[in-house]
Amino acid sequence: AVINNFQSNPSYSFWLQSNGMVDGVTTWNGNTAQSTVTFAGAGAEHEIPYTCNFVFPDPAPGTVTSDPVTPDILRMETVPEPQIALKGSTATFTCVGESGNAAAGTPQTKWYDKRSDLLIGDGPTYSVAEAVEIVCKVTWANQPLISVSKDVSLSVIGLTGRETVYTPRESSSVEISCSLTVTMATDESPTITVEWYWQDSDASWPTVDGVTGLSVNTGTFADSEQISTLSIDLIEDSIMDWDKRQYRCAFNVNGKTASHSTELRILKLKWSTSSIPIYSGQRVTVQGHPYAMYDISPRWEWYKASDQTEILSTSDVLVIESVRVPDKTAYYVKAYFEVVTDGTIIETREQVILDITGTQHSLQVSRH
């Protein structure tokens, strides 16, 4: 507020509003005095009428009061900002200008690349799918010299791993890995935690902490990547009790979680033989079957256990001509499973003992 043409300087000034009084800062030059009031963190609560009051001392005591003045607070409203997004997704930022009344005019939002200061967008929203530092800047049509700016940034995380891991029953252990990549928009170091889960028979997902046969090894975050590996002891984890199981890794980066599930499938074999009893000179057939096919057809190699240089059969059926009674012969079989998704060849091996006594015919299978 300004007052002109007075004979003595005002002693002080103050501003009145409905909630009380605020002291003003008075300056003067000749016969012109000015009172200023400053609000820290001005917001909508200050958009109420104020009156300026100059107080004059003797010899002309009194108070001069201005007409009410209502500040027009120009401000920016933003929605919660997507600081981190998953790779492949799109994040949307929103910056909207507001004011207490229409005097400032229509707000206009523009978006700039923080490093190059180049204009990259126009309008209240801006969508992006990559790591970036940007600035949203709002101006008002009738107040082009006044602007409100806000820095926003987006970091991107990606999580990769195999959908399916196969292992033969003969394995004593197997590993499942997840690889996390982080592209930070700023130079800050991310805070990363990782947790592994397994799917129980009741479809729940307990953590692997404290589970016998399961252990986790997570490397340090370096070169924007971190790898976590779940080691599974197939002996301790009772491999004979199940054929497949789901495991899940979950990385949390600065509060944003990305997870990936992998199914571990066990490749087993089972057997069938011809009917009993068996007599000398009779033909015997032994047939092997994948215990869990998983749409994978194995190729076979049969040998005598005593001579593994000669392949007796390359089909799932081994035909033994003119057996002797009694007979107890061990055969060695290999089944090769090719995992089509990545070309991996997995071999499972077992020793089959054909026990023929003439009165009964049995098949014993032992892991080799």
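Residues numbered from 1 in each chain as written. Predicted model: local features only at pLDDT ≥ 70, side-chain atom pairs only at ≥ 80, totals over all residues. Heavy atoms only, no water.

Q: Residues and numbers for the pairing of strand S3 (residues 20–23), please.
A: Judged from the four bridges that link them, strand S2 (residues 12–17) and S3 form a sheet pairing that is antiparallel. What sits directly across from Phe14, in S3, is Asp23. Hairpin remark: S2 followed by S3, antiparallel, with two residues in the connecting loop. (Pairing = 2+ DSSP bridges. Helix = DSSP H or I, 4+ residues; strand = E, 2+ residues; numbered from the N terminus.)

Q: Lay out the pattern of salt bridges with the relevant residues and their values.
A: A complete count under the given rule lists eight salt bridges for this structure. Salt-bridge contacts for Arg283 lead to Glu321; the nearest nitrogen and oxygen are separated by 2.8 Å. With Arg283 in the loop between strand S23 (269–273) and strand S24 (284–290) and Glu321 in the loop between strand S26 (317–320) and strand S27 (327–339), this pair connects stretches of sequence that are 38 residues apart. Given the relative accessible area of 48%, Arg283 is considered partly exposed. Given a relative accessible area of 48%, Glu321 falls into the partly exposed group. Across the pair Arg349 and Glu347 runs a salt bridge whose closest N-O atoms are separated by 3.3 Å. A relative accessible area of 33% places Arg349 in the partly exposed class. (Salt bridge = Lys/Arg side-chain N within 4 Å of Asp/Glu carboxyl O. Buried < 20%, exposed > 50% of the residue type's maximum accessible area, 1.4 Å probe, protein only.)

Q: Can you explain unusual backbone geometry? Please cite residues and give values.
A: Residue Pro326 is reached from Val325 by a cis peptide bond, and omega for that bond is -5 degrees. Its location among the elements puts Pro326 in the loop between S26 and S27. Its identity is not glycine, yet Asp117 carries a phi of approximately 65 degrees, on the positive side. Secondary-structure assignment places Asp117 in the loop between strand S11 (107–113) and strand S12 (119–122).

Q: Any chance you could break down the layout of surface pockets for me, citing the residues and the numbers?
A: Its volume calculated, the largest pocket comes out at about 170 Å³. Around the largest pocket, the lining residues are Lys304, Leu312, Leu318, Val319, Ile320, Glu321, Ser322, Val323, Arg324, Asp327, Thr329 and Tyr331. Among the secondary structure elements, those contributing two or more residues to the lining of the largest pocket are S26 and S27. (1 Å grid on protein atoms, 1.4 Å probe; cavity = no way out; pocket = protein on both sides within 12 Å on 5 of 7 lines; lining within 4 Å. Points joined across faces, edges and corners; volume = space filled by probe spheres on them.)

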